[in-house]
Amino acid sequence: MATGVNEPVCASCNSERGAFQCRGCSKVFCFQHTTNHHQSIIQELDAIEHSRNLLQSTLQQTMAESSANVKALHDELTKKIDMWEEKSVEKIRQAAADARNDLFQLTINRGIKIQSKLEDLTQQIQHARQKSNFLETDVHEWSKKLEDLKEQLTKVPLVTVCEDYTKLISKISVSGLHKSEIFGLSTGNAGFEDNGKVVYVKNGNDIYTEVRGQCEYFSGVHTIFLHVEEYAHWILFGIISKSTPLQIHSYASSSCYGWYNGVDFVYAAGVCIGGQGIDVIANDRVQLTIDCDNRLIRLVNERSGRALELAVDIEKCPFPWQLHLNLNAQPTRVRIISSGEEHKTLSC
């Protein structure tokens, strides 16, 4: 059928006159292709319903297979929350008990102590008089003690209750894992590639650079596999508390725990405590295990077999922890191969 000038044509055949316009795609179709277009939409809907049915079936199967593991994980982590609650309440009760005792000592018990001292002094004086066994120096000493007791009695105690706003208990939270570890933060002289899987030193030598991972570790056991693609001078592998600000010399940060290359380069709470360091060279693969439950970290060099372990003081390195590297010179380059965890209790 011929079409007139400026009349819309069918979007499918581009020759017939357009008779109907689709309100969905706004295209115009002829009689024949209107039916075809409507049929294609029905087929798309059929495909969506089929995908939904497959997803529903997969979901039901997955839930059935993993229900026991999910229940076990829920129960285990619930116990951790309950333990945190009990310990926190106990800390509060102990702090309150200590405060009450201090208040008692400074108020009520103050008069009792003065009374006890006065009774002791009275017995000394009476005993000395009965035995006629005292000297002038004894009289002067007793007089001084009596004046001291008078002064204590007349002095009004200045007592108040103060609140220390430093943390008495740690904050607890629950996070779900949905991503693998990647490098995410640095003090500036580091570049990232491959969507954060690779970190490298940009330029210069003897320019310390702190690098951190994106994930936050609260509990569970997590292993990060790293490949030292290129190496120069120094690399520190370990952890650091998220609450610690980034800094160039992060190995001296108060929550830094980890290992540098060589002997006597083990760092705990930002202090070099001596001991065996790492023996990393170019192309080495290392495994860093972050064990939040037992509050320690492990490092294994797959080439040499050297295995190191370091206990972490939770008071000095509070949760959450982060993957922590400190790089020093070009052409250092480290890649995260993979990361895994026994429990999904970290946040990325």
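For the structure, see preceding data.
Residues numbered from 1 in each chain as written. Predicted model: local features only at pLDDT ≥ 70, side-chain atom pairs only at ≥ 80, totals over all residues. Heavy atoms only, no water.

Colleague: Teacher, can you tell me more about the packing of helix α1 (residues 31-106) against helix α2 (residues 108-131) here?
Modeller: Between two packed helices, both the angle of their axes relative to each other and the distance between the axes serve to describe the pair. Following both chains from N to C, one finds α1 and α2 inclined at 45°, their axes separated by 3 Å at the closest point. As the angle between them shows, α1 and α2 are arranged oblique. The segment α1 lies against α2, with F104, Q105 and L106 engaging I108, N109, R110 and K113. Split by residue class, the contact of α1 with α2 holds three nonpolar, two polar and two charged. (Axes fitted to C-alpha atoms, helices over the stretch in contact; angles between N-to-C directions. Helix = DSSP H or I, 4+ residues; strand = E, 2+ residues; numbered from the N terminus. Parallel < 35°, antiparallel > 145°, perpendicular 65-115°, else oblique. Contact = heavy atoms within 4.5 Å. Nonpolar A, V, L, I, M, F, W, Y, C, P; charged D, E, K, R; others polar.)

Colleague: I would appreciate a short explanation of empty space enclosed by the protein in the present structure.
Modeller: Space left empty within the atom packing is revealed by a probe, the size of a water molecule, rolled over the atoms. The full count for this structure, using the stated rule, is one cavity of 30 Å³ or more. Taken together, I278, D279, V280, V286, L299, V300, N301, R306 and L308 make up the lining of the largest cavity. No other element matches strand β14 (residues 296-301), which puts three residues into the lining of the largest cavity. Counted by class, the lining of the largest cavity contains six nonpolar, one polar and two charged residues. (1 Å grid on protein atoms, 1.4 Å probe; cavity = no way out; pocket = protein on both sides within 12 Å on 5 of 7 lines; lining within 4 Å. Points joined across faces, edges and corners; volume = space filled by probe spheres on them.)

Colleague: I would appreciate a short explanation of unusual backbone geometry in the present structure.
Modeller: Note on backbone geometry: most residues besides glycine have negative phi, and most peptide bonds are trans. Backbone torsion omega between F319 and P320 reads 0°, so that peptide bond is classified as cis. Within the secondary structure, P320 sits in the loop between β15 (307-311) and β16 (321-327). Cis peptide bonds are those with omega within 30 degrees of zero, and the linkage from Q330 to P331 qualifies with 0°. A positive phi is found at S26, a non-glycine position, where the angle reads about 70°. Mapping S26 onto the fold places it in the loop between β1 (20-21) and β2 (28-29). Of note in this structure, N283 is not a glycine but carries a positive phi near 80°. Structurally, N283 can be placed in the loop between β12 (271-272) and β13 (285-291).

Colleague: Is there a simple way to think about the nonpolar core in this case?
Modeller: One broad trend across soluble globular proteins is that nonpolar side chains are buried collectively. Within the largest apolar cluster, 37 residues are counted, with the highest numbers of intra-cluster contacts made by F183, L226, F237, Y257, W259 and W321. Here the element with the most residues in this core is β16; it accounts for four residues. Residues W234, Y251, C256 and Y267 belong to the second largest nonpolar core, which totals six residues. (Core = buried A, V, L, I, M, F, W, Y, C linked by side-chain atoms within 4.5 Å. Buried < 20%, exposed > 50% of the residue type's maximum accessible area, 1.4 Å probe, protein only.)

Colleague: Help me understand the pattern of salt bridges in this model?
Modeller: Pairs can form between side chains of opposite charge whenever their charged atoms are close. The full count for this structure, using the stated rule, is 16 salt bridges. Between D293 and K80 there is a salt bridge; the shortest N-O distance is 3.1 Å. Note that D293 is positioned in the loop between β13 and β14 and K80 in helix α1, a separation of 213 residues in sequence. Residue D293 is classed as partly exposed on the basis of its relative accessible area of 31%. Note on K80: relative accessible area 29%, which makes it partly exposed. Of the charged contacts, one joins D284 and R303 as a salt bridge, the two residues approaching to 2.6 Å between their closest N and O atoms. Of this pair, D284 sits in the loop between β12 and β13 while R303 sits in the loop between β14 and β15; the two residues are 19 residues apart in sequence, bridging distant segments of the chain. Taking relative accessible area as the criterion, R303 reaches 46% and is therefore assigned partly exposed. (Salt bridge = Lys/Arg side-chain N within 4 Å of Asp/Glu carboxyl O.)

Colleague: Got a minute to help me understand the side chain of K197 in this structure?
Modeller: The topology assignment puts K197 in the loop between β4 (190-193) and β5 (198-201). Despite its burial, K197 pairs with no opposite charge; the closest candidate is E181, at 7.8 Å N-O. In this structure K197 touches S180, E181, I182, F183, V334, R335 and I336, once residues within four positions along its chain are discounted. (Lys, Arg positive; Asp, Glu negative; His and termini not counted.)

Colleague: Quick question: what am I supposed to make of α1 here?
Modeller: Helical geometry note: an α-helix holds 3.6 residues per turn, so side chains three or four residues apart project in the same direction. Over its 76 residues, α1 extends only 98 Å from the first C-alpha to the last, a length that falls short of the 112 Å expected when each residue adds 1.5 Å. Where α1 bends most, the angle comes to about 55°, and this point is S66. Residues H33, L77 and S88 constitute the buried set of α1. Taken together, the buried residues of α1 touch β2. (Expected span 1.5 Å × (residues − 1). Bend = angle between axes of the 7 residues up to and from the residue.)

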